[in-house]
Amino acid sequence: MTTETRGRWERPMWMKAWAAVIVALFAVGAYLGLVWSPPDVNQGNLIRIMYAHVSIAWIGFVAVGFTALFAALFLWRSKRMDDVRAVASAEMALLFSSLTIIGGMTYSRPTLNTFWTWDAKLTLTALMVALLVGYFIVRSLIDDPVRRGRVSAVVAIVVAASLPFNYLAAEWFRTLHPSRSISLDGSGVTMAPEMLMTLLFNTFVAGLVYAWFMVDRVRLGRLEAQLEAERQAHEAVPSTEGGVVRV
Amino acid sequence: MPTDPHADPAPPPVTTPAIALRGVQRRYGRHLVLRGLDLEVAPGRVVALHGSNGAGKTTLLRLLATRLRPSAGEALVYGHDVIREGHLARGRLATIAVFGGSYGTLTARENLHLATALRGAPTDALDEALGRVGLERVADHLVRTFSSGMRKRLGLARLLLARADLWLLDEPHAALDADGQALVDTLVHEARAAGTTVLMATHETERSFDLADAVLRIDDGLLSRVDAVPT
Amino acid sequence: MNDLYAVWLVARKDLLQESRSKAVTVATLFFSAVTLVVIAFAIGQDTRLLREAAMGALWVALAFASVISAAQSYQADLEDGAFDALLTTPVPRPAVYLGKLLANWAFMVVLGLVMLPVTIVLYGAEAGPHWPWLIPTIALGTLGFALIAVLYAGLTANLRARESLLPVLMFPVVVPILLAAVRASGALVGIGDLELATGWLLLLAGFDLVYVVLCTAIYHFVVEE
């Protein structure tokens, strides 16, 4: 590997700076959540899990939305990078929704004395994990990169469209949520201003983490595409070099 | 633009070519099957396509039939891009696949009616077409009871009924008896007389030199023109 | 060409093939019946439990049946490259999807209407005064299943492990259909609560509407290669 190619693989300075800012902001968010914000009237210090749990859950849903958006873009204009972005966002969505489930379980064990509740949002997140796993299974079964991108884009769009219905059905089916202090649609905010502020700050940090990984993954995807293009360059014959065959 | 020294008197440039390929590539995973094809076929020509197994003949035919997307470049059928205007391209072409492409649990007549009606072509000549390919006695039998040669004949009947301007034939002589092969030749001659363009992938080397106006060969992912039976 | 006629041609082809081979009829009929019996055994002798589980069992059986039905309809297509030949005609892709959907849906509605009385008898449920509303419930619920099953069966038809893949992909998407259909039909049997059922029926109708548009629009990405 030449120094030039090694240089290409290295993360640019501004991304390292961004990562440092995220770590610092994460520390601030942890301070806000663990020290600065008051304990909850009903749940005491357990409410502090919520700051990490809910912020991650929100960004997870945003990530699925972006997956479908990039998938639709890929179907529309067939740019390889759109597929890379869709996958990157789906990976983050899977990671965040898995963390949401773990967070939900740690939250419901002390509050509801059970690891699993059929709470609408937790059920929805579990379904989202199942839907995303399906997306990745489909991808793993198709070798041709273009066809893989197009078929999985169809899956991503179907998956994203199902989330509102899944939410509605799960919400109506059984809502066991202990505190309806803040709901997914943002209505009925009844928490203390410090608590809301802490939650929004942590959501902002989670959003920065998502964005950082997206940018990094897309950067890697672009490098992969470049390498692939260089590898393929000698195989293809430039148009009209051999002359147009006319019959 | 470089010209092919073997080209016949060039077709007038004002007419839209029946087939136009510009830098067409097709990749399966990492394997580049078509490496960059540039081709123009004038309307009404009968062109044979040679090449060893896996050379990319079927890939090219399926690509022109709008069933495969080119990985790069563009392919046009009577001026219609096979991707952006696939439905217009399909309106001009008809195909016959290696295995005939008929439904086993439908009768021969039902298969013909389905394929013809889906094109919007008139369905009043089904019996005539069945007679032409020698299937009139089994018109109402299920296709799953047919031999591979009979299925191929049914594919030929569908081709006749399609009234298309471009025939894409994948090994039309394969699986047919001597009569059937002669029938294919007759149909191709008639098509030429009617101004239909024909592109057929075939391993029938000598027969295709008699039948076709031009013979192309796909080798190593590239197209070239062949001028005589290789000795 | 008249696109509605094309939809009808494709639907009629699928139904004609099924009337000849009976592959789907036999498989789904026995499968649904066995599912109902097995779930009844698993629940046991408690008549109240059985009655409450009746509609859940019915819709689980129908969900699996829709997987079998959709997968089988592509199986017949793939033999001898017949579907490929069909797709080289200028028939619009949405018409192909809607045709296959229509055939699958028609079949599933009939299956649902056959299985409904079987479930009611087997689980000791009572039809009640609102029973006619079970017919639109079955129509809307099976449409939801068929919408996703026909799209995804086309998508998995050329993949490895398609038999297990299709339910894995489809079921998380149709969870709202399953929940809403179970709740709606649960609210309609016995004494019945029409108002409660209407809310669920609206959810079913909303799902069906959104996915009819969506699936019809993206189907051509599924069948192209």
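Residues numbered from 1 in each chain as written. Chains lettered and ligands numbered in written order. Predicted model: local features only at pLDDT ≥ 70, side-chain atom pairs only at ≥ 80, totals over all residues.

S.K.: Give me the lowdown on the overall build of chain A, citing residues and values where you can.
M.R.: Regarding its fold elements, chain A presents seven helices and one strand. Mapped from its N terminus to its C terminus, chain A presents α and β elements in the order α-α-α-α-α-α-α-β. Here chain A, with 247 residues, has 36% of them falling under the buried criterion. Sequence-distant contacts, at least 24 apart, represent 77% of the contacts inside chain A between residues at least 6 apart. (Helix = DSSP H or I, 4+ residues; strand = E, 2+ residues; numbered from the N terminus. Buried ≥ 20, exposed ≤ 12 C-beta atoms within 10 Å, placed from the backbone. Contact = placed C-beta atoms within 7 Å.)

S.K.: Tell me about the overall build of chain C, and name the residues and values.
M.R.: Of the regular secondary structure elements, chain C holds eight helices and zero strands. When the elements of chain C are put in sequence order from the N terminus, they spell out α-α-α-α-α-α-α-α. Over its C-alpha trace chain C gives a radius of gyration of 18 Å, about what one expects of a compact globule, namely 17 Å for 225 residues. Oriented by its inertia axes, the alpha-carbon framework of chain C measures out at about 55 × 30 × 30 Å. Burial statistics for chain C: of 225 residues in total, 54% are counted as buried. (Rg over C-alpha atoms; globule rule 2.2 N^0.38 Å.)

S.K.: If you had to explain the sheet that holds strand β2 (residues 31-41) of chain B to someone new, which residues and values would you point to?
M.R.: Taken in spatial order, the five strands line up as β1(A)-β2(B)-β1(B)-β4(B)-β5(B) in an open sheet, and their pairing is mixed. Lying at the two open borders of the sheet, with one neighbouring strand each, are β1 (245-246) of chain A together with β5 (80-81) of chain B. Of the pairings in the sheet, the one linking β1(A) to β2(B) comprises two bridges and is parallel in character. The residue bridging A:Val245 from the neighbouring strand is B:Leu39, located in β2(B). (Pairing = 2+ DSSP bridges.)

S.K.: I'd like a description of the interface of chain B and chain C, backed by residues and values.
M.R.: Each partner contributes to the interface: chain B provides 26 residues, whereas chain C provides 24 residues. Going through the elements one at a time, α2 (86-92) and α3 (108-119) of chain B are the ones with two or more residues in the side of chain B that touches chain C. In terms of residue count, α3(B) provides more of the side of chain B that touches chain C than any other element does, six residues in total. Split by residue class, the side of chain B that touches chain C holds 10 nonpolar, 10 polar and six charged. (Nonpolar A, V, L, I, M, F, W, Y, C, P; charged D, E, K, R; others polar.)

S.K.: An account of the confidence of the model for chain C is needed here, citing residue identities and associated values.
M.R.: Summing up the model confidence of chain C, the mean pLDDT is 91 and the portion of residues at 70 or higher is 100%. What the predictor reports for the complex is a pTM of 0.90 with an ipTM of 0.91. (pLDDT = per-residue confidence, 0-100.)

S.K.: Requested: an account of the sheet that holds strand β10 (residues 222-226) of chain B, with residues and values cited.
M.R.: Residue and element names in this part refer to chain B. Spatially, six strands are ordered β6-β7-β8-β3-β9-β10 in an open sheet, and the strand pairing comes out mixed. One side of each edge strand has no neighbouring strand; the edge strands of this open sheet are β6 (93-96) and β10. Taking the axes of each pair of neighbouring strands and ignoring which way they run, one obtains an average angle of 20 degrees across the sheet. Pairing geometry for strand β9 (residues 214-219) and β10, over five bridges, is antiparallel. Bridge pairing in β10 links Ile218 to Leu223. Docked against the sheet, helix α1 (residues 57-64) engages β3 (46-50), β7 (166-170), β8 (197-201) and β9, running at close to 150 degrees with respect to β7. Packed onto the sheet, helix α5 (residues 148-162) meets β6 and β7 and runs at close to 175 degrees relative to β6. (Axes fitted to C-alpha atoms, helices over the stretch in contact; angles between N-to-C directions.)

S.K.: I'd like a description of the environment of B:Leu166, backed by residues and values.
M.R.: Residues and elements named next belong to chain B. Looking at the secondary structure, you find Leu166 in strand β7. Distance from Leu166 to Asp213, taken between C-alpha atoms, is 15 Å for residues 47 residues apart in sequence. Setting aside residues no more than four positions away along its own chain, Leu166 makes contact with Ala18, Val77, Arg92, Leu93 and Thr197.

S.K.: Lay out the environment of C:Arg93 in plain terms, naming residues and giving numbers.
M.R.: Residues and elements named next belong to chain C. Tracing the backbone shows Arg93 in helix α5 (residues 93-122). Taking the number of C-beta atoms within 10 Å as the measure of exposure, Arg93 has 19 and is therefore partly exposed. Residues Arg93 and Val7, spaced 86 residues apart in sequence, show a C-alpha to C-alpha distance of 9.7 Å. What Arg93 contacts, discounting residues up to four positions off in sequence, is Tyr219, His220 and Val223.

S.K.: Would you mind going over helix α1 (residues 3-21) of chain C in detail, with residue names and values included?
M.R.: Here α1(C) is 19 residues long and its end C-alpha atoms lie 27 Å apart, about the 27 Å a rise of 1.5 Å per residue gives. Looking only at α1(C), the buried set comprises C:Ala6, C:Val7, C:Leu9, C:Val10, C:Ala11, C:Lys13, C:Asp14, C:Gln17 and C:Glu18. Those residues of α1(C) that are buried are in contact with α3 of chain B together with α2 (23-43), α3 (47-78) and α5 of chain C. Positive backbone phi, approximately 55 degrees, marks C:Lys22, located one or two places after α1(C). (Expected span 1.5 Å × (residues − 1).)

S.K.: An account of the confidence of the model for chain A is needed here, citing residue identities and associated values.
M.R.: Overall, the predicted model of chain A reaches an average pLDDT of 82, with 86% of residues at or above 70. In the predicted structure, residues 175-189 of chain A sits below a pLDDT of 50 and forms 18 contacts with residues beyond four places in sequence or in another chain.

S.K.: Report on the environment of B:Glu190, specifying residues and quantitative values.
M.R.: In this fold, B:Glu190 is placed in helix α6 (residues 178-193). In this structure the C-alpha to C-alpha distance between B:Glu190 and B:Leu154, which are 36 residues apart in sequence, comes to 18 Å.

S.K.: Report on helix α8 (residues 194-223) of chain C, specifying residues and quantitative values.
M.R.: Residue and element names in this part refer to chain C. When the terminal C-alpha atoms of α8 are compared, their 41 Å separation across 30 residues agrees well with the 44 Å that a helix rising 1.5 Å per residue should span. The sharpest bend along α8 measures roughly 35 degrees and falls at Ala217. Along α8, the residues that are buried comprise Ala197, Trp200, Leu201, Leu203, Leu204, Phe207, Asp208, Tyr211, Cys215, Ile218, Tyr219 and Val222. (Bend = angle between axes of the 7 residues up to and from the residue.)

S.K.: For the pairing of β8(B), give the residues involved together with the corresponding values.
M.R.: Residue and element names in this part refer to chain B. Burial analysis of β8 places five of its five residues in the buried class, which makes it a mostly covered element. Judged by which residues are buried, β8 turns out to be covered on both faces: Thr197, Leu199 and Ala201 on one side and Val198 and Met200 on the other are all buried. For β7 and β8, the ladder comprises five bridges, and the chain directions are parallel. Following the sheet pairing, Leu166 is matched in β8 by Thr197. Where the polypeptide runs from β7 across α6 and back to β8, its parallel neighbour, the crossover connection is right-handed. (Right-handed = clockwise from strand over helix to strand, strands pointing away.)

S.K.: Quick rundown of the packing of helix α3 (residues 47-77) of chain A against helix α4 (residues 80-112) of chain A? Include the residues and the values.
M.R.: All names here are of chain A. Closest axis-to-axis distance for the α3/α4 pair is 7 Å, and the angle between their directions is 155 degrees. Judged by the inter-axis angle, α3 sits roughly antiparallel to α4. Crossing geometry of α3 relative to α4 is assigned as left-handed. Tallied by class, residues from the contact of α3 with α4 come to 20 nonpolar, nine polar and three charged. (Parallel < 35°, antiparallel > 145°, perpendicular 65-115°, else oblique. Left-handed = near helix turned anticlockwise from the far one by under 90°.)

S.K.: Give me the lowdown on the nonpolar core, citing residues and values where you can.
M.R.: If you look at the biggest cluster of nonpolar residues, it comprises 219 residues, and the most contacted ones within it are A:Ala156 and B:Val47. Counting residues per element, this core draws most heavily on α3(A), at 17 residues. In contact with A:Ala156, not counting residues within four places along its chain, are A:Thr67, A:Ala68, A:Ala71, A:Ala86, A:Ala90 and A:Tyr135. (Core = buried A, V, L, I, M, F, W, Y, C linked by C-beta atoms within 7 Å.)

S.K.: If you had to explain unusual backbone geometry to someone new, which residues and values would you point to?
M.R.: Phi is positive for A:Ser78, close to 55 degrees, though the residue is something other than glycine. Its identity as a non-glycine residue notwithstanding, B:Arg163 has a phi of 50 degrees, on the positive side. Residue classification places B:Arg163 among the partly exposed positions, given that 14 C-beta atoms sit within 10 Å.

S.K.: Describe in detail the packing of helix α2 (residues 13-36) of chain A against helix α7 (residues 193-233) of chain A, supporting the description with residues and values.
M.R.: All names here are of chain A. Packing of α2 against α7 leaves a shortest axis separation of 9 Å and a crossing angle of 155 degrees. One element, α2, and the other, α7, form an angle in the roughly antiparallel class. Where α2 crosses over α7, the two elements pack in a sense that is left-handed. Two secondary-structure elements touch here, α2 through Met15, Trp18, Ala19, Ile22, Leu25, Phe26, Gly29, Leu32, Gly33 and Trp36 and α7 through Glu194, Thr198, Phe201, Asn202, Val205, Leu208, Val209, Trp212, Val215 and Asp216. The residue makeup of the contact of α2 with α7, split by class, is 14 nonpolar, four polar and two charged.

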